[in-house]
Amino acid sequence: MPIEPREDEQRTRAGTACRRAGLTCGQVWFRYFGNGGKAGSFEVDAYFNGSLSLPPAERDLIAHAINELIDELPPLPRAPYSQRLQDRRARQPRVTDTPDPPTD
Amino acid sequence: MAQVPLADELSAVFTRAAGLLLTEDIAGDALSRLAEAVREVMPDTVGAGMSLFEAGGRTTSTASTRRVVQEADRLQYDLGEGPCLTAWAQGSPVRVDDVRRETRWPLWATAMGGLPVRACLSAPLLTPDRVIGTMKVYSSKPSAYTADSEQLLVRLAAPAAVILGNLQPRDAAARLSEEFRDALRRRDVINTAKGMLMADLGVGSEEAMIILIVAADGARKPLHTVAAEFLGEHVDDAP
């Protein structure tokens, strides 16, 4: 079956989303399987590689599996503020670290 | 495309997908033998061992040939300093020619005074993406280890890192089957909801699945949550 342009875009952008989120094909397949996906892991791998065409519902299940996994990723660490760091340092002095330069 | 993958194929595929290669029991035995071999090939060595570290420097697992290794290691972790922690942190081998003249880790060097150990060598266990631990040897002779011994230990550490890098905790198999049962439960809920939708709306299997996916995506919820909610509503609607 020839791969239509829409499927091609869906597959390419799904692959990009996986790479950006650091998801493996195995992780995606397992979630997809748990969500009722019918294709085997080799078939999902082949779909990502562009060598196998899947029906729209299976493609959407793969997309949703990826999106579920992305939504579960921990948020990026935020930068701390000086006041909070000072409060904490006053409470628990650290022994093994090299001393910080004077702040005043 | 098979309707439901065969159970055997499924477990094999899942094992591969989850990266399960070795259990702690199998690897533990291999590591003990390796530690013994390292002790034998490194000249003047009283004990050899390996430690695994988690992020933050906490040790998780060790294989060692002598009590003196465990004791010398424990001192490092308790004091938060020592050659193994440094080798782990910097990802390159660290050599101690004489513990009694050591100045880089004063707390550790002082505490080591009670042990029959004078020299030490520690090499990082390197996997392609990180340092997972260290392999170390201890000697009762000062200056027992040279640049050549350093090279030898680095070479011995390479296969140990491969084993340890692929190690799965003892409960991995149990956890695996729990995850697998969860997946089957979710799959069941979703398929039941799909069947209800097909009957309610008179649509086909694909169409029913797409309706569920659109609902889940719109609510930004997992598919099985939306399916369970739909089933709950469905039960409530019943007279």
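Everything below is about the structure printed above this text.
In what follows, the accompanying structure is described.

About the cut-offs
- Residues numbered from 1 in each chain as written.
- Chains lettered and ligands numbered in written order.
- Predicted model: local features only at pLDDT ≥ 70, side-chain atom pairs only at ≥ 80, totals over all residues.
- Heavy atoms only, no water.
- Salt bridge = Lys/Arg side-chain N within 4 Å of Asp/Glu carboxyl O.
- Helix = DSSP H or I, 4+ residues; strand = E, 2+ residues; numbered from the N terminus.
- Expected span 1.5 Å × (residues − 1).
- Buried < 20%, exposed > 50% of the residue type's maximum accessible area, 1.4 Å probe, protein only.
- Contact = heavy atoms within 4.5 Å.
- Pairing = 2+ DSSP bridges.

### Some words on the pattern of salt bridges
If charged atoms from side chains of opposite charge come close, those side chains can pair.
Residue and element names in this part refer to chain B.
Point 1. Counted under the stated rule, the structure contains 18 salt bridges over all chains.
Point 2. Lys 141 is paired through a salt bridge with Asp 44; the nearest N and O atoms lie 3.3 Å apart. In this pair, Lys 141 is assigned in the loop between strand E6 (131-139) and helix H6 (147-165) and Asp 44 in the loop between helix H2 (24-41) and strand E2 (45-53), connecting sequence segments 97 residues apart.
Point 3. For Arg 74, the salt bridge identified is with Glu 71, shortest N-O distance 2.7 Å.

### Some details on helix H4 (residues 56-72) of chain A
Point 1. The first and last C-alpha atoms of H4(A) sit 24 Å apart over 17 residues, in line with the 24 Å expected at 1.5 Å per residue.
Point 2. Restricting attention to buried positions, one finds in H4(A) the residues Ala57(A), Glu58(A), Arg59(A), Leu61(A), Ile62(A), His64(A), Ala65(A), Ile66(A), Glu68(A) and Leu69(A).

### Notes on the environment of Ala161(B)
Point 1. When you line up the elements, Ala161(B) lands in helix H6.
Point 2. Leaving out residues up to four positions away in the same chain, Ala161(B) has contacts with Leu125(B), Leu126(B), Thr127(B) and Ile132(B).

### So, the pairing of E6(B)
Residues and elements named next belong to chain B.
Point 1. Across the nine residues of E6, eight count as buried, placing the element largely inside the fold.
Point 2. As paired elements, E2 and E6 share seven bridges and run antiparallel to each other. Within E6, the position partnered with Met 50 by the bridge is Met 135.
Point 3. Here strand E5 (residues 119-126) runs beside E6; their pairing, made up of eight bridges, is antiparallel. Looking across to E6, one finds that Leu 126 is bridged to Val 131.
Point 4. Taking the residues between adjacent antiparallel strands as the criterion, E5 and E6 are bridged by four residues.

### Things to note about helix H4 (residues 83-90) of chain B
Residue and element names in this part refer to chain B.
Point 1. The complete set of buried residues in H4 reads Pro 83, Cys 84, Leu 85, Ala 87 and Trp 88.
Point 2. Residues of H4 that are buried in the fold lie against E2, helix H3 (67-79), strand E4 (94-96), helix H5 (106-111), E5 and E6.
Point 3. Downstream of H4 by one or two residues, Gly 91 has phi in the positive range, about 70 degrees.

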